[in-house]
Number of protein chains: 2
Amino acid sequence: MSDRRSALLDAAITEIAVNGTRGMRIELVARRAGVSTALIYHHFGDRATLLQSALEHIGDRAEAYTGDPTGAGLERVITVLANEIQDDDAVRTNSAAWGELRDTSIFDHALRPTITALTRRWTDDVANIIGHGQQDGSIDPAVDAHAAAVRLTALVEGISTRWLTGMLTVAEARSHLAESTATMLRREAP
Amino acid sequence: MSDRRSALLDAAITEIAVNGTRGMRIELVARRAGVSTALIYHHFGDRATLLQSALEHIGDRAEAYTGDPTGAGLERVITVLANEIQDDDAVRTNSAAWGELRDTSIFDHALRPTITALTRRWTDDVANIIGHGQQDGSIDPAVDAHAAAVRLTALVEGISTRWLTGMLTVAEARSHLAESTATMLRREAP
């Protein structure tokens, strides 16, 4: 993706986080990015395409900051999930905008295919790491990897909102995720 | 609460669910309730008070439909959590409006004390049932009841959104909650 296009999407994500999906105004996105509204339309065509592109960009940004940790499967799952919560404005904005677009898609069905595909990609990635953990012996082989991935990623969304609304600190939120993951996946001591 | 006041809040909750917190227009709430905008202002004074009253009403409605089940503690926890997800328009609207107001409170700090107090009340209720389960032997006494309640209620929020966006059916969502609750709380067979 070009730097210009990426910068426009960063501006859109911030506007969505702060003003909500329905409150996102193209003029404010343009002003935040320091460009004309015409340039926004040139790149994205219409508002619906901009929203969809912003959603995909949120997914790409999250994949970048959750990283690709090494180590045993259980530790890798804990790290990628906990990395969704970081004391960093870009992470906070990304997570808030994801929540806004996700909640908008409850009634705005145009966004649903994208949010569903991104959620599935995320869930499949986590299930894949769980599978590695079952092979390396760090995760209970009796766990249903897909079901556990659905539950753990849903838990990340719930815990993230508690963090974003100030009910949990970063450390508390990450600790809840780490302990829940261990409880759900850990192999019992023989 | 008077029936009239309750009906006005029901209308506000539906408008919030459908149009978002920032998109909620007093005129549309009034039209939906079949009253004048003046009557809305008469009851609630201003928009901020209406939003806060709607949030409290969402909490009361949820307490009514999650119920007060009987039985052993573990089964009671599973039932109250699963009852947050029901194939019922009023439950769906309530859950969607809760999500909208909760996410608005990320940037709108005026709503935070109310959402925090309601979340704490919900978490304390669940922790209390977990405590009963530890006394009746259905729940592992080593579980930290408060921490487990935070995780389980956050999971309900994450799973509810998957349901509201059509990614999980009611049955799938309830099954994920029941199995996660059992995994987190169940006493190991001796």
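Treat the numbers as computed from the prediction; the structure is a model and nothing was measured. (Residues numbered from 1 in each chain as written. Chains lettered and ligands numbered in written order. Predicted model: local features only at pLDDT ≥ 70, side-chain atom pairs only at ≥ 80, totals over all residues. Heavy atoms only, no water.)

**A short note on the packing of helix 5 (residues 73–82) of chain B against helix 9 (residues 170–185) of chain B**
Residue and element names in this part refer to chain B.
Next, step 1: Closest axis-to-axis distance for the helix 5/helix 9 pair is 9 Å, and the angle between their directions is 145°. Seen from above, helix 5 lies across helix 9 with right-handed handedness. Of the residues in helix 9, those in contact with Leu74, Val77, Ile78, Leu81 and Ala82 of helix 5 are Arg174, Leu177, Ala178, Thr181, Ala182 and Leu185.
Next, step 2: In terms of residue class, the contact of helix 5 with helix 9 is made up of nine nonpolar, one polar and one charged. (Axes fitted to C-alpha atoms, helices over the stretch in contact; angles between N-to-C directions. Helix = DSSP H or I, 4+ residues; strand = E, 2+ residues; numbered from the N terminus. Left-handed = near helix turned anticlockwise from the far one by under 90°. Contact = heavy atoms within 4.5 Å. Nonpolar A, V, L, I, M, F, W, Y, C, P; charged D, E, K, R; others polar.)

**Topic: empty space enclosed by the protein**
Next, step 1: According to the stated counting rule, one finds one cavity of 30 Å³ or more in the structure shown.
Next, step 2: A volume near 40 Å³ is recorded for the largest cavity.
Next, step 3: Every residue lining the largest cavity is listed: Arg102, Glu157, Gly158 and Thr161 of chain A together with Arg102, Glu157, Gly158 and Thr161 of chain B.
Next, step 4: Taken together, the elements giving at least two residues each to the lining of the largest cavity come down to helix 8 (145–164) of chain A together with helix 8 (145–164) of chain B.
Next, step 5: Taken together, the residues of the lining of the largest cavity sort by class into no nonpolar, four polar and four charged. (1 Å grid on protein atoms, 1.4 Å probe; cavity = no way out; pocket = protein on both sides within 12 Å on 5 of 7 lines; lining within 4 Å. Points joined across faces, edges and corners; volume = space filled by probe spheres on them.)

**Brief notes about the pattern of salt bridges**
Next, step 1: Using the criterion set out here, one finds 25 salt bridges over all chains in the structure.
Next, step 2: Two residues, Arg32 of chain A and Glu15 of chain A, come together in a salt bridge whose shortest N-O distance is 2.8 Å. Of the two residues, Arg32 of chain A sits in helix 2 (residues 26–33) while Glu15 of chain A sits in helix 1 (residues 3–19), which places them 17 residues apart along the sequence.
Next, step 3: Notably, a salt bridge pairs Arg61 of chain B with Asp10 of chain B, separated by 2.8 Å at the nearest N-O pair. Taken together, the positions of Arg61 of chain B in helix 4 (residues 47–66) and Asp10 of chain B in helix 1 (residues 3–19) put the pair 51 residues apart, joining distant regions of the chain. (Salt bridge = Lys/Arg side-chain N within 4 Å of Asp/Glu carboxyl O.)

**With respect to the interface of chain B and chain A**
Next, step 1: Tallying the contact residues gives 40 residues for chain B and 41 residues for chain A.
Next, step 2: With both sides pooled, the region where chain B packs onto chain A buries about 3,500 Å², and carbon together with sulfur makes up 59% of that total.
Next, step 3: Summed over the shared surface of chain B and chain A, the number is seven salt bridges.
Next, step 4: Between Glu157 of chain B and Arg162 of chain A there is a salt bridge; the shortest N-O distance is 2.7 Å.
Next, step 5: In this structure, the connection of chain B to chain A is made through 16 residue pairs in polar contact (both at pLDDT 80 or more).
Next, step 6: Elements represented by at least two residues in the side of chain B that touches chain A include exactly helix 1, helix 6 (89–104), helix 7 (112–136), helix 8 and helix 9 of chain B.
Next, step 7: The greatest single-element share of the side of chain B that touches chain A, amounting to twelve residues, is contributed by helix 8 of chain B. (Buried area = accessible area lost by both parts, 1.4 Å probe. Polar contact = N/O pair within 3.5 Å; in protein donor to acceptor, adjacent residues only side chain to side chain.)

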